[in-house]
Amino acid sequence: MITDTQHSLVYYGNNILRTTAQEVVQISQMVQDLVDEMFAIMHREQGIGLAAVQIGVPLQVIVIDIRSNKGPMMALINPKVTAFSEEKDAYEEGCLSLPGVMADVIRPVSIQVEGIAINEKPVKFEASGLLARVLQHEIDHCNGKLFIDYLEDYKRKELNSQLKKIKKLNRE
Ligand code: NI
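A brief structural summary. From a predicted model like this one, the values you see are computed outputs, not experimental measurements.

### Quick notes on the overall build of the protein
Link 1 in the chain: Each helix and strand counted, the protein has four helices and seven strands in total.
Link 2 in the chain: Counting from the amino terminus, the protein carries its helices and strands in the arrangement α-β-β-β-β-β-β-β-α-α-α.
Link 3 in the chain: Whereas a compact globule of 172 residues would reach a radius of gyration of roughly 16 Å, the protein reaches 15 Å, a difference of no more than 12%.
Link 4 in the chain: Principal axes of the C-alpha set define a box for the protein whose edges measure 45 × 40 × 30 Å.

If you want it as structure tokens, here you go:
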């Protein structure tokens, strides 16, 4: 088990979470190592999804593990949502970059996703339920977006003091 990691989590307030991550041109050893490290950090933090920007690496790479929910464990490079269902639902989300913050977010129930698997094969699939939810959340990270962006102003204001505290985690 990997206990030491090269990168560490960045938190809300860190600019990298607001940048558009770059496409991966080649799945090099560096990208393979990055994916391994992302899985290690996500598992250590007991998350179900993680994007590379969340550990300070501005590349379009995400990992997901929802085996506890009878779902898959997967890494996806350059992921894109290519179609959304009209049907939406609300579900409570959290984020390792926003520790302690939980809020209901409304998103499409099912989506179509394209990307590249770690074995360099292009993949295209439909996802629904929790998998669609986590994919959308992580792909948003690749585009500089956070789940709190979807909240109504009053709700985000309620989170203000919590958000201020989280920003300080970046400087520790
Ligand atoms: Ni997140």
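### Details of the nonpolar core
Link 1 in the chain: If you look at the biggest cluster of nonpolar residues, it comprises 34 residues, and the most contacted ones within it are Leu 50, Val 61, Leu 98 and Ile 148.
Link 2 in the chain: Looking at this core, the elements that each hand over two or more residues are helix 1 (29-44), strand 2 (61-65), strand 3 (73-84), strand 5 (103-108) and helix 4 (160-169).
Link 3 in the chain: Counting residues per element, this core draws most heavily on helix 1, which supplies seven residues.
Link 4 in the chain: Discounting chain neighbours no more than four positions away, the residues touching Ile 148 are Tyr 12, Leu 98, Val 101, Arg 156, Leu 159 and Leu 163.
Link 5 in the chain: Counting 21 residues, the second-largest nonpolar core is a separate cluster that includes Val 10, Leu 17, Ile 64 and Met 74.

### So, a positive patch on the surface
Link 1 in the chain: Judged by side-chain charge, Lys 164, Lys 165, Lys 167 and Lys 168 come together as a positively charged surface patch.
Link 2 in the chain: Locating Lys 165 in the fold gives a position in helix 4.
Link 3 in the chain: Note on Lys 165: relative accessible area 61%, which makes it exposed.

### Quick look at the coordination of the nickel ion
Link 1 in the chain: Taken together, Cys 95 (SG), His 137 (NE2) and His 141 (NE2) make up the protein donors of the nickel ion, found 2.1 to 2.2 Å from the metal.
Link 2 in the chain: Sequence positions of the residues that donate to the nickel ion give the spacing C-x41-H-x3-H. With Cys 95 in the loop between strand 4 (88-93) and strand 5 and His 141 in helix 2 (residues 129-142), this residue pair connects regions lying 46 residues apart in the sequence.
Link 3 in the chain: Taking relative accessible area as the criterion, Cys 95 reaches 10% and is therefore assigned buried.

### Brief notes about the sheet that holds strand 2
Link 1 in the chain: Read across the open sheet, the five strands follow the order 1-2-3-6-7; overall the sheet is antiparallel. Each having just a single partner strand, strand 1 (49-51) and strand 7 (122-128) make up the two edges of the open sheet. Adjacent strand axes in the sheet meet at a mean angle of 40°, parallel and antiparallel pairs treated alike.
Link 2 in the chain: By the bridge criterion, seven bridges tie strand 6 (residues 110-116) to strand 7 in an arrangement that is antiparallel.

### Remarks on the environment of Lys 124
Link 1 in the chain: Mapped onto the elements of the fold, Lys 124 is located in strand 7.
Link 2 in the chain: For Lys 124, a relative accessible area of 55% puts it in the exposed group.
Link 3 in the chain: With 30 residues separating them along the chain, Lys 124 and Gly 94 place their C-alpha atoms 26 Å apart.
Link 4 in the chain: Those residues within four positions of Lys 124 in sequence are excluded, and the remaining contacts are Gln 112, Val 113 and Glu 114.

### Section: the side chain of Glu 93
Link 1 in the chain: With respect to the element layout, Glu 93 can be found in strand 4.
Link 2 in the chain: Of the residues examined, Glu 93 reaches a relative accessible area of 5% and is grouped as buried.
Link 3 in the chain: Within the structure, Glu 93 has its side chain in polar contact with the side chain of Arg 133 (distance 2.7 Å).
Link 4 in the chain: When sequence neighbours within four positions are dropped, the list of residues in contact with Glu 93 reads Val 101, Met 102, Ala 103, Val 105, Arg 107, Arg 133, His 137 and Phe 147.

Conventions and cut-offs
Residues numbered from 1 in each chain as written. Predicted model: local features only at pLDDT ≥ 70, side-chain atom pairs only at ≥ 80, totals over all residues. Heavy atoms only, no water. Helix = DSSP H or I, 4+ residues; strand = E, 2+ residues; numbered from the N terminus. Rg over C-alpha atoms; globule rule 2.2 N^0.38 Å. Core = buried A, V, L, I, M, F, W, Y, C linked by side-chain atoms within 4.5 Å. Buried < 20%, exposed > 50% of the residue type's maximum accessible area, 1.4 Å probe, protein only. Contact = heavy atoms within 4.5 Å. Patch = residues over 30% accessible without salt bridge, like charges linked within 9 Å, V, L, I, M, F, W, Y side chains within 5 Å. Areas by Shrake-Rupley, 256 points an atom, 1.4 Å probe, with all protein chains shown as cover. Salt bridge = Lys/Arg side-chain N within 4 Å of Asp/Glu carboxyl O. Lys, Arg positive; Asp, Glu negative; His and termini not counted. Charge placed at Lys NZ, Arg CZ, Asp CG, Glu CD. Donors = N, O, S within 2.8 Å, 3.2 Å for Na, K, Ca; no water. Pairing = 2+ DSSP bridges. Axes fitted to C-alpha atoms, helices over the stretch in contact; angles between N-to-C directions. Polar contact = N/O pair within 3.5 Å; in protein donor to acceptor, adjacent residues only side chain to side chain.

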